[in-house]
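What follows is each chain in one-letter form.
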Amino acid sequence: ASDKEFVLVFNWLNVLFILPIIFYSGVEYITSAYRSIKQKYLNIDVPITLGIFALFIQSLYEIITEAGAGYLDSLAGLIFFLLIGKWFQSKTYENLAFDRDYKSYFPLGIMKLENEKRIPTPIQEVLKGDVLLIRNKELIPADCELISDRANIDYSFVTGESTPESKVKGDILFAGGKQVGSSIKIKVNEEVSQSKLVKLWNQEAFQEKENTSFNFVNSIAKYFTPVILAIAIVSAGFWYFAQPEITVKVFTSVLIVACPCALALASPFTFGSVLRVLGRNKLYLKNAQVVEQMIGLQHIVFDKTGTLTNKESAHINYQGHLTEKEEQLVLACTSNSTHVLSQKIFSRLQHQSTGLLEVIDFKEIEGQGIQGEVNGSRVQIGSAKFLQLDQEGEVNAAASTVYVGIDGLLKGNFSLHQESRQGLANVISALGRKYKLSLLSGDNDHSVNDYKNIFPAISKLLFDQSPEDKLHYIKKLQDSNSKTMMVGDGLNDAGALKQSNVGIAVTEDVATFTPSSDGILEGKNFHLLPSLLAFVRKSKSVVIGAFIISFLYNIVGLSLAISGNLEPVYAAILMPLSSITVVAFATISVNLLGRTIR
């Protein structure tokens, strides 16, 4: 056989070998481009697909006319490096997801029962077979079996449906449900999965806030892709008349090198890295979109009890008289609630040798109090309004007052003396220099002067606020175009936390893990809040820097491609290289910024 025949055979073998590379290895680009065109918009896979087919058709034309061997080797290399870029991008996202699922442990706690003794336990230490106590509105952390006779489970956390489901002893309960009513006992069937809770927290069923997506590729594609196509066509047209043999090379190189893959990684990877740094400092955010929302905050609204005050250092006194039997009634009722005041009363009255009585028809009205039937007696514990008292009177002007009523008779009141969190004045002072601040409290205004000395003079301090009042206040701020963050304890603030642009729940034991909040901040790290917010604001400069790097790659690459000095395969190499550069820049920059948190 002659050399010409060998060349012909190998040229057609190249065509045969390139087909599975194009239509198998490159099928994601082709199908993505097809779907894009079908939906009447141009995504970034359209120019890549055009480049692939331009090289293939040009190569096929040269082989058929025996004008040359075409660019099939370059086309194979092109798809290879495109896939490396896609693989790198997917690995980047996987690493971020892995960090969220397995390393960023939420400070979640649960009550484990051992010989009827309550033992606060981190949920990652809960094992199969453990017996747990789930109180009113507390999250079920793992699939389990109901030990108590009855339960009323709210699965809105999982499904978005708010109607509770009735369960009986022996029924299987699933992670993510919440008990509504009296406390229940459950037996854990499988170990807690933090990753499952992360997924539940991100369920679309309750994500009603503004959806801020930084899917930069698709958001700019409707402008980016037509511009790149125009540049490619004009460049190819110029070289068709000046130097026809490099026309297809120029056309393809322009289409490939201009892919904004690095741009696509800039925002999500930077904000994903920010999530990790925040997690290390005990601020756990729902997802990276929350970081983006936090950058533009203008107003911060604080709850008081359990947020600005430290429930661990609070102490409680009782005025009035309770018999031993009445103490048991109050103890049983407060044992069902996770509210700071209920837990303080429970701790004060609890005796290790005493078993708890059963509570029937337990109810907790946010911002008002709790009630239930115990041993045939109707127990009410809460505010004067909740017990329908004529007036509170000056029982204790320096403390939060909780009244106790049994069978319609007032028995006395508990006074809770709350201490402010350590370093509160410094936190408020630092935040007041950057944001407008407000204080909303469900308590009376006995401490108004203390907080007037801490908050800036222009701040609004509102007391005797119901959960609805807090929600309406947030709405009013938003109606005046003020981007607002609510910082509460997650108990009486659920509506306000959900309504605000960013809702942060401050907690010690996180018994109230709730989809209403966008983040959870451990109480002991409350003093870091100004530094954490400053760190988030500075992360915007990292995103801008990453954008600049990727734009420079595109400018340099386009200049070389338009001038005819860039082979398509080298254009494909530039793509993952630019992505690697952006990821490295974002990682290093964010970690350096993280060192400023203190």
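A.B. asks: For this particular structure, what's the right way to read the overall build of the protein?
C.D. replies: Looking only at helices and strands, the protein has 18 helices and 22 strands in total. Across the protein, every contact between residues at least 6 apart in sequence was considered, and the portion connecting residues at least 24 apart equals 68%. In the structure as shown, the protein presents an accessible area of about 27,600 Å², 55% of it carried by carbon and sulfur atoms.

A.B. asks: What is the right way to read helix α13 (residues 424–432) from this model?
C.D. replies: The α-helix winds at 3.6 residues per turn, so residues separated by three or four positions along the chain end up facing the same way. For α13, the set of buried residues is Leu424, Val427, Ile428 and Leu431. Within α13, the buried residues cover an arc of 95° as seen down the axis, which keeps them to one side.

A.B. asks: Sorry, what's going on with the packing of aromatic side chains here?
C.D. replies: The way to describe two aromatic rings as a pair is by their centre distance and the angle between their planes. Inspection of every chain in the model, using the stated rule, returns seven aromatic pairs. Aromatic side chains Tyr240 and Phe241 sit 5.3 Å apart centroid to centroid with 85° between the ring planes, which places their arrangement in the edge-to-face category. A relative accessible area of 51% places Tyr240 in the exposed class. Through a chain of ring-to-ring contacts, the aromatic side chains of Phe302, Tyr451, Phe455 and Phe526 assemble into a single cluster.

A.B. asks: Is there a simple way to think about the sheet that holds strand β11 (residues 299–303) in this case?
C.D. replies: Strand pairing in a sheet relies on backbone hydrogen bonds, with the paired strands running either antiparallel or parallel. In spatial order, the strands read β10-β22-β21-β20-β11-β18-β19; together these seven strands make up an open sheet with mixed pairing. At either margin of the open sheet sits one strand with a lone partner, and together these are β10 (283–285) and β19 (460–462). Between one strand axis and the next, the sheet turns through 15° on average, direction left out of account. The pairing of β11 with strand β20 (residues 484–488) spans four bridges and is parallel. When the bridges of β20 are listed, His299 appears paired with Thr484. Sitting on the sheet, helix α10 (residues 288–295) touches β10 and β21 (502–507), and the angle it makes with β10 is about 110°.

A.B. asks: What is the right way to read the packing of α13 against helix α17 (residues 529–562) from this model?
C.D. replies: Describing two packed helices takes the angle between their axes plus the distance from one axis to the other. Two elements in contact, α13 and α17, have axes separated by 8 Å at closest approach and are oriented at 30°. Between α13 and α17, the crossing angle belongs to the class labelled roughly parallel. Packed against α13, whose contacting residues are Val427, Ala430 and Leu431, the element α17 presents Leu529, Pro530 and Leu533 at the interface. Here the contact of α13 with α17 is composed, by residue class, of six nonpolar, no polar and no charged.

A.B. asks: Help me out: how do you make sense of the nonpolar core in this one?
C.D. replies: Soluble, globular proteins show a tendency: their nonpolar side chains are buried together. Counting residues in each nonpolar core, the largest one holds 55 residues, and the members touching the most others are Phe302 and Phe526. Examining the composition of this core, we find that ten residues originate from one element, α17, more than from any other. Not counting the four nearest positions on each side in its chain, Phe526 is found in contact with Phe302, Thr307, Leu308, Arg421, Leu424, Val427, Val487, Val506 and Leu521.

A.B. asks: Looking at this structure, I do not really get a nonpolar patch on the surface. What am I missing?
C.D. replies: On the surface, Ile544, Ile548, Phe551, Leu552 and Ile555 cluster together to form a nonpolar patch covering roughly 470 Å² of accessible area. Structurally, the position occupied by Ile548 is in helix α17. Since its relative accessible area comes to 47%, Ile548 is described here as partly exposed.

A.B. asks: Would you mind going over the environment of Lys137 with me for this structure?
C.D. replies: As for its placement among the helices and strands, Lys137 is situated in the loop between β3 (131–134) and β4 (144–146). For the pair formed by Lys137 and Asp154, sequence separation is 17 residues and the distance between their alpha carbons is 8.4 Å. Contacts of Lys137, omitting those with residues within four sequence positions, involve Lys178, Gln179, Glu364 and Glu366.

A.B. asks: Sorry if this is basic, but what is going on with the pattern of salt bridges here?
C.D. replies: A side chain with one charge can pair with a side chain of the opposite charge if their charged atoms come near. Using the criterion set out here, one finds eight salt bridges in the structure. For the salt bridge of Asp130 with Lys112, the shortest nitrogen-to-oxygen distance reads 3.8 Å. Of the two residues, Asp130 is situated in the loop between β2 (117–122) and β3 and Lys112 in strand β1 (residues 109–114); the sequence distance between them amounts to 18 residues. For the pair formed by Asp130 and Lys112, the shared burial category is buried. The closest approach of N and O atoms between Lys167 and Glu165, which form a salt bridge, is 3.4 Å. Here Lys167 falls in the buried class, since its relative accessible area comes to 18%. Owing to a relative accessible area of 36%, Glu165 belongs among the partly exposed residues under this scheme.

A.B. asks: Just to check I follow, could you spell out the pairing of β20 for this structure?
C.D. replies: Within a regular strand, side chains alternate between the sheet's two faces. Among the five residues of β20, five are classified as buried, and the element is accordingly described as predominantly covered. Where burial is concerned, the two faces of β20 agree: the one with Thr484, Met486 and Gly488 and the one with Met485 and Val487 are both buried. Relative to β21, β20 runs parallel, the two being bridged by four bridges. The partner of Val487 across the bridge, within β21, is Ile504.

A.B. asks: Got a minute to help me understand the sheet that holds strand β5 (residues 150–154) in this structure?
C.D. replies: As summarised here, the arrangement of the three strands in space is β6-β5-β8, forming an open sheet in which the pairing is antiparallel. Each of the sheet's edge strands pairs with one partner strand only, and the pair in question is β6 (165–168) and β8 (178–179). In the sheet, β5 pairs with β6 via four bridges, with the strands oriented antiparallel. Residue pairing for β6: Arg150 is matched across the bridge by Val168.

A.B. asks: Hey, could you run me through α10 in this one?
C.D. replies: For α10, the tally of buried residues reaches six of eight residues, placing the bulk of the element in the interior. Turning to α10, its buried residues are Ala288, Val290, Val291, Gln293, Met294 and Ile295.

A.B. asks: What exactly am I supposed to notice about unusual backbone geometry here?
C.D. replies: Here the phi dihedral of Lys137 falls at roughly 65°; this positive angle occurs in a residue that is not glycine. Assessed through its relative accessible area of 33%, Lys137 is described here as partly exposed.

A.B. asks: Would you explain the environment of Lys282 in this entry?
C.D. replies: For Lys282, the location among the structural elements is in the loop between α9 (261–280) and β10. When the C-alpha positions of Lys282 and Gly523 are compared, they lie 9.0 Å apart, and in sequence the two are 241 residues distant. Apart from the residues lying within four places of it in its own chain, the contact partners of Lys282 are Ile520, Leu521, Glu522 and Asn525.

A.B. asks: Teacher, can you tell me more about the side chain of Thr484 here?
C.D. replies: For Thr484, the location among the structural elements is in strand β20. Relative accessible area serves as the criterion here: at 0%, Thr484 is assigned to the buried category. The residues contacting Thr484, other than those within four sequence positions of it, are Leu297, His299, Val301, Ile474, Leu477, Gln478, Ser500, Asn501 and Val502.

A.B. asks: It is not clear to me how the confidence of the model for the protein should be interpreted in this structure. Could you clarify?
C.D. replies: Parts of the model with low pLDDT should not have their predicted coordinates read in detail. The pLDDT averaged across the protein works out to 82; a share of 84% of its residues lies at or above 70. Helix α6 (residues 194–201) is the least confidently modelled element of the protein, averaging 61 in pLDDT, while β11 averages 95, the highest of any element.

Reading guide: rules and limits
Residues numbered from 1 in each chain as written. Predicted model: local features only at pLDDT ≥ 70, side-chain atom pairs only at ≥ 80, totals over all residues. Heavy atoms only, no water. Helix = DSSP H or I, 4+ residues; strand = E, 2+ residues; numbered from the N terminus. Contact = heavy atoms within 4.5 Å. Areas by Shrake-Rupley, 256 points an atom, 1.4 Å probe, with all protein chains shown as cover. Buried < 20%, exposed > 50% of the residue type's maximum accessible area, 1.4 Å probe, protein only. Arc of directions from axis to C-beta. Phe/Tyr/Trp six-rings, centres within 6.5 Å; stacked < 30°, edge-to-face > 60°. Pairing = 2+ DSSP bridges. Axes fitted to C-alpha atoms, helices over the stretch in contact; angles between N-to-C directions. Parallel < 35°, antiparallel > 145°, perpendicular 65-115°, else oblique. Nonpolar A, V, L, I, M, F, W, Y, C, P; charged D, E, K, R; others polar. Core = buried A, V, L, I, M, F, W, Y, C linked by side-chain atoms within 4.5 Å. Patch = residues over 30% accessible without salt bridge, like charges linked within 9 Å, V, L, I, M, F, W, Y side chains within 5 Å. Salt bridge = Lys/Arg side-chain N within 4 Å of Asp/Glu carboxyl O. pLDDT = per-residue confidence, 0-100.

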